[in-house]
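Structural features, examined
Chain by chain, the residues run as shown.
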Amino acid sequence: MGVDGSDTGQDQGELRAHGQEEVARAAQALASGGLVLLPTETVYGLGADASDPAAVAAIFEAKGRPRFNPLIAHVADLDTAARIAAFDERARALAQAFWPGPLTIVAPIVDVSAVCDLARAGLETVAIRVPGHPLARAVLAAFGGPVVAPSANRSGRPSPTTFQDAYPETGDKCAAVLDGGPCQVGLESTVVAVLEGPVRLLRPGAVTRAQLEAVVGPLAEADDDAKRSPGRLALHYAPDAPVRINAAAPGEGEAFLAFGPWPAGEGVFNLSPTGDLAQAAANLFSHLRAADRTAPVSIAVAPIPDEGLGEAINDRLRRAAGFVG
């Protein structure tokens, strides 16, 4: 099993279950300017032809997403990515190490017709990745071009990691929908900028800082390049209820996202009873949603170790709570 959490047997089973007809229908919907509900290994995405400004605008309309927030272009393979963006040796090394998988690389745009200005938020860079989910790759291969696919939730809401959570958010806006089962990673991709100077970590995610540094050496912080990444708004991934982080215990009327050993009970949603960060990452958004459905006065979240995947989990939680991460 790789970084993306995919398994060859599971991949083949999913493709057989859906069949080429359903994949072809999704690719045709994209080619016609429609939206597609698309599973990836990270979260469910709301996909559109990256080259079509009208289709991209339809994503913003469906999500209510701020138009200055760039989108990630998903492609079938490294060769396609390298035709769209300028990949230096560092970018290629990262792609070869972690693609297909949950790593997004921000690089200078080469083919501005492939990823339109609206999708790039007017920037001279593009955020691009090869997803690890077999259905996503099949649709991308059938479509033949880049697909922007931000998380399928309405803007600011927790990202959906199951079809059952994704469809009620934006599924009615889609010309085609694909149910790929629960997302194996359950946390948005790591985003790095590979531009002039050192590689910068713009958004922590499933590929950890240590894994990245093993390939390209020490990472610099986001600084002014933060604007080049999606998911950098101060209030992001937020449920309806307020979120209180680093809570030792829930208060009256609060739902509680526990981590590690904690007594089961009403309003308690344990991210990982064993303290496993990978399990916590996979459960984060679905547990936020489940806690929110209980209509609590707020959602308290236990402290999460700020190491490995914990860095990404805490980033999402700070944004859900309204703090800049």
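Residues numbered from 1 in each chain as written. Predicted model: local features only at pLDDT ≥ 70, side-chain atom pairs only at ≥ 80, totals over all residues. Heavy atoms only, no water.

Things to note about the packing of helix H4 (residues 89–98) against helix H7 (residues 209–216)
Which entries qualify depends on this criterion: Axis definition: a line fitted to C-alpha atoms, limited for helices to the stretch in contact. Angles are taken between N-to-C directions and run from 0 to 180 degrees. The numbering of helices and of strands both runs from the N terminus, where a helix is a DSSP run of H or I of at least 4 residues and a strand a run of E of at least 2. Working definition: roughly parallel below 35 degrees, roughly antiparallel above 145 degrees, roughly perpendicular at 65 to 115 degrees, and oblique for all remaining angles. In this scheme the crossing of two helices becomes right-handed for a clockwise turn of the near helix relative to the far one and left-handed for an anticlockwise turn of less than a right angle. Here, residues are in contact when the closest pair of their heavy atoms is within 4.5 Å. Each residue gets one label: Ala, Val, Leu, Ile, Met, Phe, Trp, Tyr, Cys and Pro are nonpolar, Asp, Glu, Lys and Arg are charged, and the others, such as Gly, are polar.
Between H4 and H7, the shortest axis-to-axis distance is 9 Å and the interhelical angle comes to 130 degrees. Taken together, the axis directions place H4 and H7 in an arrangement best described as oblique. Read as a crossing pair, H4 and H7 show a hand that is right-handed. Counting all contacts with H4, which are made through Arg90, Ala93, Leu94, Ala97 and Phe98, the residues of H7 involved are Gln211, Leu212, Val215 and Val216. Grouping the constituent residues of the contact of H4 with H7 by class yields seven nonpolar, one polar and one charged.

Focus on the sheet that holds strand E1 (residues 36–38)
Definition in use: One requirement defines pairing of two strands: DSSP has to find at least two bridges between them.
Read across the open sheet, the ten strands follow the order E7-E1-E2-E6-E3-E5-E4-E8-E9-E10; overall the sheet is mixed. Edge strands, defined here as strands with exactly one partner in the open sheet, are strand E7 (176–177) and strand E10 (220–221). Two elements, strand E8 (residues 190–193) and strand E9 (residues 200–203), share three bridges in a ladder whose sense is antiparallel. From the neighbouring strand, Ala193 faces E9, where its bridge partner is Arg200. Along the sheet, helix H2 (residues 53–63) contacts strand E2 (45–49) and strand E6 (147–148); its crossing angle with E2, the most-contacted strand, is approximately 155 degrees. Helix-sheet contacts for H4 involve strand E4 (103–108) and E8, and the interaxial angle to E4 is about 160 degrees.

As for helix H6 (residues 163–170)
To keep it simple, the criterion reads: We call a residue buried when its accessible area falls under 20% of the maximum for its residue type, exposed when it is over 50%, and partly exposed in between, using a 1.4 Å probe and counting protein chains only. Throughout, the arc means the angular range of directions from the helix axis out to the C-beta atoms.
Of all the positions in H6, only Phe163, Asp165, Ala166, Glu169 and Thr170 are classed as buried. One side of H6 holds all its buried residues, which, seen down the axis, span an arc of 160 degrees. Those residues of H6 that are exposed and angled more than 90 degrees off the buried face are Gln164 and Pro168. Elements that come into contact with the buried residues of H6 comprise E1, E2, H2, E7 and helix H8 (277–292).

Structural notes on unusual backbone geometry
For the bond running from Trp99 to Pro100, omega is -5 degrees, close enough to zero to count as cis. With respect to the element layout, Pro100 can be found in the loop between H4 and E4. A positive phi angle is found at Ala121, which is not glycine, with a value near 55 degrees. With respect to the helices and strands, Ala121 occurs in the loop between E4 and strand E5 (125–129). Unusually for a residue other than glycine, Ala295 sits at a positive phi of about 55 degrees. Judged by its relative accessible area of 65%, Ala295 falls in the exposed class.

Digging into the confidence of the model for the protein
As a reminder, the rule being used: The predictor's confidence in any single residue is recorded as pLDDT, a number from 0 to 100.
In the predicted model, the protein carries a mean pLDDT of 90, and the fraction of residues at 70 or more is 90%. Counting interchain partners and residues more than four positions distant, the pLDDT-below-50 stretch residues 5–10 has seven contacts.

Thoughts on the pattern of salt bridges
Side chains that differ in sign of charge can pair as their charged atoms come close. Cut-off, in case you're wondering: By definition here, a salt bridge exists when the distance from a side-chain nitrogen of Lys or Arg to a carboxyl oxygen of Asp or Glu is within 4 Å.
This structure, assessed with the given rule, holds 15 salt bridges. For Arg157, the salt bridge goes to Asp292, with nearest N and O atoms at 3.5 Å. Residue Arg157 is located in the loop between E6 and H6, and its partner Asp292 is located in helix H8; the two are separated by 135 residues in the primary sequence. Notably, a salt bridge pairs Glu254 with Arg244, separated by 2.7 Å at the nearest N-O pair. Here the residue Glu254 occupies a position in strand E12 (residues 254–258), and Arg244 occupies one in strand E11 (residues 243–244), the gap between them amounting to ten residues. Judged by its relative accessible area of 14%, Glu254 is buried. One network of salt bridges, in which partners are shared, links Arg154, Arg157, Glu169, Asp240, Arg289 and Asp292.

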